[in-house]
Amino acid sequence: MSRTVTLASAGPALSVQDMGRPGFLAQGLTRGGAMDTLALAEGAALLGQDPGLAAIELGGMGGTFTFGEDTRIALTGAPMPASCDGETLAWYASHLIPAGAKLVIGVAQTGNYGYLHVGGGIDVAERMGARATHLSAGLGALLAAGDELPVGPDKGTSTGMTLTPEARFDGGTVRIVASMQTDLFDAQTQDQFTATAFKRDARANRMGVRLDHDGPAIAAAGQLNILSDVIVQGDIQVTGDGAPFVLMADCQTTGGYPRIATVIPADLPRMAQAPAGATLRFSFVDMSEARAIQERDTAARAKLKSTLRPLLRDPSTIRDLLSYTLISGVVSATHDPYQ
Amino acid sequence: MSQFPRIRSVGMAGLLVQFADAMSEPANRAALAFRAAVDSQGWPEVRETSTSLVSAFVSVDLGATPVEALTEKLSDLLASRDWLDAPLPEGRTLWRVPTLYGTDAAPQLAEAAEAAGLSPEEAVAELSQARVRVLTIGFAPGQPYTGELAEHWNIPRQQALSKAVPQGALVVAIRQLIVFTNTTPTGWRHIGQTAFRTFRPDSERPFALSPGDEMIFHNITATELSRIQSTDADGDGGAQREEIA
């Protein structure tokens, strides 16, 4: 047997992701990596391993997976129904999947991106220093049925742990800071922007999320002739049609449409996970407040492991309850004792 | 007093040093030289650096580093010399890239020519002889922004994005030419088609071009482009290269 995960079926947007590929901004390649890096950190905490290891990002829905050896897994990010050989598995928990057993992950109940982590990490070859698939750059490809991925050696043994995730799967208020082009938008336009309840458009991918709204288009002066300049993840770009577009993990490194503000890194997971149709609002924070938020976020990620607790199983959710020896010595009336 | 160079924060991802608010040759050289100078400082909080047309970006986690401290360091470095006088980088290459102008392969030539006040034939004659410089690499991996074309090519981007133009497309707006790395939606007009690959991820040199390189997009026929497309092995798309500095 080998340490592998095999995909018997795959949803339309499965990819290998890690913390991304820094160091190539000057050559036009953004960092990329998981859309929800908090979910990567949570998975690493559940398995007691490095958050830099790669996982499978499940966009919108999961798939069917089998493992060449007994393998520890953790499930994080957008909650999806999951089962192992028909037995329901808790989301936001770690589990041991026996070799050959069938792990089935369904459609996201809310949010967008679920994550399947394995003990030892997905061990595909690094390209330019990372394992992250970067579709818009042409690095890697979406996963498909029939793919077999190597799994790294696993030093850990513990499973059956859970944690309570930070709520972020239903839109809400996203905090932003002013950026280098904010003052191209007059005060009235900035007020309009922060007063508007946007709906996340169904058109969204790893490059960016389009937002719809009622009312007048959002516009900067002379916006079709602004000099192309650096773009970073979280920048909120306003294209010619007046609809904001939030640039995400696989965005470009430069662009000429003006950006009204930038989502702070701590709120990027909320932005990534807002499902189609969810309401999103934007709220400016100043730089010192943003820094305090970021410091709290970094500290919270560092202590995720201390928030773990054993997974208590609710008997009503165990489909094969009768196969468990709940009280020893009881003989079933229908069971043939001589079989 | 000039408002440039100026330092702006870019979200919480770092600081941007802008040398002008419009494209200019000296400001482009200043950005390249200033970035190299920041790199040579070896400041521990700097994650990486890059340049755009007339600005240098210094990537720093502003959630961990106070913006004031880095601003002061950058201001001191800015004051140390006149960056607009900086020379171009050394080790530059001239690329001659075979390009099919117009036809169904590049359907917006006529529209772009009209915006520039030219006939399509005049536009091809000018563009295929223009020698442009790689001003910056960006948007997509290895993708060059080149310029500057004559003033009448200062045509705006389209209001609506084109759904997709193919890899190797030559597009024009605001006195600049771009060769696209990958199939992409764009507001720029598609006027030519090349077989040049700007990004070759599995090659030892994944990025073909560097800022400061020069390019000529000379005119070829559809037959020649097909021949190049069917025989090109290295991604150069039939381009000839020549060391110029």
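See the structure above.
In short, a report on the structure. Since this is a predicted model, take the numbers as computed values, not measurements.

Here we look at the sheet that holds strand β11 (residues 148–150) of chain A
All names here are of chain A. Strand order in the open sheet formed by 6 strands is β7-β6-β9-β4-β1-β11, with antiparallel pairing between adjacent strands. Edge strands, defined here as strands with exactly one partner in the open sheet, are β7 (87–89) and β11. For this sheet the average axis-to-axis angle between neighbouring strands, irrespective of direction, equals 25 degrees. When strand β4 (residues 63–67) meets strand β9 (residues 103–105), the two strands line up antiparallel, connected through 2 bridges. Residue Thr64 lies in a different strand from β9, and its bridge partner there is Val104.

Here's the deal with the sheet that holds strand β3 (residues 48–51) of chain B
Sheets are built from strands paired through backbone hydrogen bonds, the pairs being either parallel or antiparallel. Residue and element names in this part refer to chain B. Reading across the sheet, the 4 strands line up as β1-β2-β4-β3 and stay open at both edges, with antiparallel pairing between neighbours. Unpaired on one side and paired on the other, β1 (6–10) and β3 mark the two borders of the sheet. Averaged over all adjacent pairs, the angle separating strand axes in this sheet is 20 degrees, with direction ignored. Inspection of the sheet shows strand β2 (residues 14–18) paired to strand β4 (residues 55–59) by 5 bridges, in the antiparallel sense. Each bridged residue has a counterpart across the sheet, and for Leu15 the counterpart in β4 is Val58.

A few points about the packing of helix α1 (residues 25–41) of chain B against helix α2 (residues 67–79) of chain B
All names here are of chain B. Here α1 crosses α2 at 120 degrees, and the two axes come no closer than 11 Å. Taken together, the axes of α1 and α2 are oblique relative to one another. Of the two elements, α1 crosses α2, and the hand of that crossing is right-handed. Residues Phe34, Ala37, Val38 and Gln41 of α1 touch α2, and the partners they reach there are Leu74, Leu77 and Leu78. Residue composition of the contact of α1 with α2, by class: 6 nonpolar, 1 polar and no charged.

Topic: the pattern of salt bridges
Residues and elements named next belong to chain B. Under the counting rule described, the total for this entry stands at 30 salt bridges over all chains. Its salt-bridge partner being Glu111, residue Arg189 comes within 2.8 Å of it at the nearest N-O pair. With Arg189 in strand β13 (residues 189–193) and Glu111 in helix α3 (residues 109–115), this residue pair connects regions lying 78 residues apart in the sequence. Exposure remark for Glu111: the relative accessible area of 36% places this residue in the partly exposed category. For Glu148, the salt bridge identified is with Arg175, shortest N-O distance 3.9 Å.

A closer look at the pairing of strand β8 (residues 93–97) of chain A
All names here are of chain A. Counting buried residues in β8 gives 4 out of 5 residues, a clear majority hidden from the surface. Pairing between strand β5 (residues 71–77) and β8: 5 bridges, direction antiparallel. Paired with Ile73 across the two strands is His95, which belongs to β8.

Some details on unusual backbone geometry
Look at the link from Phe4(B) to Pro5(B): it is a cis peptide, with omega at -5 degrees. Cis geometry marks the peptide bond from Gly147(B) to Glu148(B), where omega comes out at -5 degrees. Tracing the backbone through its elements, the reader meets Glu148(B) in the loop between β8 (144–147) and β9 (162–165). A positive phi angle is found at Met128(A), which is not glycine, with a value near 50 degrees. By the secondary structure assignment, Met128(A) is in the loop between β10 (113–118) and β11. Met128(A) gets classed as buried once you look at its relative accessible area, which sits at 18%.

Brief notes about the pairing of β13(B)
Within a regular strand, the side chains alternate between the two sheet faces. All names here are of chain B. Of all 5 residues making up β13, 5 are buried, and the element is well covered by its neighbours. Relative to β13, strand β6 (residues 99–101) runs antiparallel, the two being bridged by 2 bridges. Residue pairing in the sheet places Tyr101 in a bridge with Gly192 of β13. Both strand β10 (residues 169–173) and β13 contribute to a ladder of 4 bridges, which runs antiparallel. By the bridge assignment, Val171 is partnered in β13 with His190.

Brief notes about the interface of chain A and chain B
On the chain B side, the residues contacting the 41 residues of chain A number 45 residues. Contact between chain A and chain B buries roughly 3600 Å² in total, counting both sides, with carbon and sulfur atoms accounting for 60%. Across the chain A-chain B interface, the total number found is 2 salt bridges. In this structure, the salt-bridge partner of Asp183(A) is Arg8(B), at a minimum N-O distance of 3.6 Å. Inspection of the region where chain A meets chain B yields 16 residue pairs in polar contact (both at pLDDT 80 or more). For the side of chain A that touches chain B, the secondary-structure elements that each account for two or more residues are β16 (229–230) and α4 (287–302) of chain A. For the side of chain A that touches chain B, the residue count by class is 21 nonpolar, 15 polar and 5 charged.

Conventions adopted
Residues numbered from 1 in each chain as written. Chains lettered and ligands numbered in written order. Predicted model: local features only at pLDDT ≥ 70, side-chain atom pairs only at ≥ 80, totals over all residues. Heavy atoms only, no water. Pairing = 2+ DSSP bridges. Helix = DSSP H or I, 4+ residues; strand = E, 2+ residues; numbered from the N terminus. Axes fitted to C-alpha atoms, helices over the stretch in contact; angles between N-to-C directions. Parallel < 35°, antiparallel > 145°, perpendicular 65-115°, else oblique. Left-handed = near helix turned anticlockwise from the far one by under 90°. Contact = heavy atoms within 4.5 Å. Nonpolar A, V, L, I, M, F, W, Y, C, P; charged D, E, K, R; others polar. Salt bridge = Lys/Arg side-chain N within 4 Å of Asp/Glu carboxyl O. Buried < 20%, exposed > 50% of the residue type's maximum accessible area, 1.4 Å probe, protein only. Buried area = accessible area lost by both parts, 1.4 Å probe. Polar contact = N/O pair within 3.5 Å; in protein donor to acceptor, adjacent residues only side chain to side chain.

That is the geometry; function is a separate question.
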